[in-house]
Structure formats: C-alpha cells, structure tokens
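# Topology and contacts: notes
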Amino acid sequence: MCIRDRLINCVTITQTLSGSEIACFPLSNYRSDGTQPHLVTIQFLKKVRIQELAIYLDFKSDESYTPNKISIRAGINLQDLKEILYVELKEPIGWFVFPLKTKLLDGSEKPYVNTINLQIAILQNQHSGKDTHIRQIKVFSPRE
C-alpha cells in the first residue's frame with residue numbers, strides 16, 4: 001500500500017514484497033549533537049500502520065558516535081508517546097530491523113503499531129559518546 005499522501009517528512013516510498021517501504025527524511029548520515037537524548041520524530045498526516053523500523057549503524061566508522069541504547073516510541077501526538085521497544089546494541093555494524101507490535105489488554109499482540117508519530121530516542125552512545133550518527137532509517141508498513 002502506498003501511503004505517500006499521509007507523510008509529512010519523507011523522501012521516497014518504494015513497494016517491497018513484504019509491504020511499503022518509507023525512506024524518511026533525507027536520513028542518510030543523520031548527525032546530532034548536544035545533550036541526550038537525541039530525538040528523531042517521524043510524523044504522518046493521519047494514523048498509519050507501521051510494522052518494522054530499520055536503522056543502519058556503523059560502529060567501525062562512527063565509533064563513540066554510534067547509538068548504544070535506543071527507545072522507539074509511538075503515539076497520536078508528541079505528548080502521549082509511549083515506549084514500544086527498547087534495545088541495547090554493542091558495537092553495531094549494518095542494518096538492524098526492529099518489528100513493532102501493539103500489546104493488547106488480553107495479552108495478545110498485533111504485528112504493527114497504528115500511529116501518527118514515531119520517535120527514535122538515542123538514550124546513550126557507545127563508549128559514552130556525546131554526539132550521535134545514524135547512517136539511515138527506514139520505516140515499513142504492512143501490505144493491505
């Protein structure tokens with residue numbers, strides 16, 4: 001499913017076998033400095049289903065600028081973002097694909113999140129680095 005009309009910050013969308021791929025922002029070589037957490041917020045015009053988030057990191061090139069602890073959050077507006085996934089990475093190199101799921105009250109899960117805002121919070125970098133580098137970010141929606 002092409003959801004180009006629902007994106008606020010996006011460069012390209014391509015169809016893949018598993019669903020739609022959204023390459024958000026010109027997020028090649030995203031760099032941030034200053035105090036942590038470093039935040040990347042992806043906003044849509046209306047609710048969309050997000051199945052996976054992929055991040056490309058390169059510890060070999062970026063060393064202490066490479067994220068170590070990442071919180072992935074989703075919500076309808078920026079004030080109600082909830083953490084849906086927390087990951088810790090050790091000297092990561094390559095693509096890391098994170099399946100995003102919604103936990104229901106009965107204990108079951110949906111294989112996607114339905115959201116307007118998706119936020120990646122870099123909580124800590126490798127070797128306690130201050131600034132952060134992310135090589136690329138991709139967001140995948142399920143095929144409908």
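All of these numbers come straight from a predicted model, not from anything done at the bench. (Residues numbered from 1 in each chain as written. Predicted model: local features only at pLDDT ≥ 70, side-chain atom pairs only at ≥ 80, totals over all residues. Heavy atoms only, no water.)

### Things to note about the sheet that holds strand β10 (residues 113–125)
Ordered in space as β3-β10-β5-β6, the four strands form an open sheet in which the pairing is antiparallel. Edge positions in the sheet fall to β3 (38–50) and β6 (82–88), since each of these pairs with one other strand and no more. Averaged over all neighbouring strand pairs, the angle between strand axes comes to 15°, with direction disregarded. The pairing of strand β5 (residues 67–75) with β10 spans eight bridges and is antiparallel. Looking at the pairing, Ile 70 lines up with Ile 122 of β10. (Pairing = 2+ DSSP bridges. Helix = DSSP H or I, 4+ residues; strand = E, 2+ residues; numbered from the N terminus. Axes fitted to C-alpha atoms, helices over the stretch in contact; angles between N-to-C directions.)

### Digging into the environment of Pro 142
Within the secondary structure, Pro 142 is located in strand β11 (residues 132–142). When its relative accessible area of 13% is taken as the criterion, Pro 142 is described as buried. Counting along the chain gives 31 residues from Pro 142 to Pro 111, while the straight-line C-alpha distance between them is 8.7 Å. (Buried < 20%, exposed > 50% of the residue type's maximum accessible area, 1.4 Å probe, protein only.)

### Side note on the packing of aromatic side chains
Summed over all chains, the structure comprises one aromatic pair. Aromatic pair Tyr 56 and Trp 95: ring centres 5.4 Å apart, planes at 65°, arrangement edge-to-face. Residue Tyr 56 is found in strand β4 (residues 52–58), and its partner Trp 95 is found in strand β7 (residues 93–99); the two are separated by 39 residues along the sequence. Take Tyr 56: its relative accessible area is 26%, and that puts it in the partly exposed class. (Phe/Tyr/Trp six-rings, centres within 6.5 Å; stacked < 30°, edge-to-face > 60°.)

### Focus: the nonpolar core
Core analysis: the largest hydrophobic core is formed by 22 residues, its most contacted members being Ile 50, Leu 53, Ile 55, Ile 70, Leu 118, Ile 120 and Ile 137. For this core, the secondary-structure elements that each account for two or more residues are β3, β4, β5, β10 and β11. The greatest single-element share of this core, amounting to five residues, is contributed by β3. Those residues within four positions of Leu 53 in sequence are excluded, and the remaining contacts are Ile 72, Phe 96, Val 97, Phe 98, Leu 100, Leu 118, Ile 120, Ile 137, Lys 138 and Val 139. (Core = buried A, V, L, I, M, F, W, Y, C linked by side-chain atoms within 4.5 Å. Contact = heavy atoms within 4.5 Å.)

### Description of the pattern of salt bridges
A full pass over the atoms with the stated rule returns two salt bridges. The salt bridge partner of Asp 62 is Arg 135, with a shortest N-O separation of 2.7 Å. One end of the pair, Asp 62, is in helix α1 (residues 59–62); the other, Arg 135, is in strand β11, with 73 residues separating them in the sequence. You can call Arg 135 partly exposed: its relative accessible area is 23%. (Salt bridge = Lys/Arg side-chain N within 4 Å of Asp/Glu carboxyl O.)

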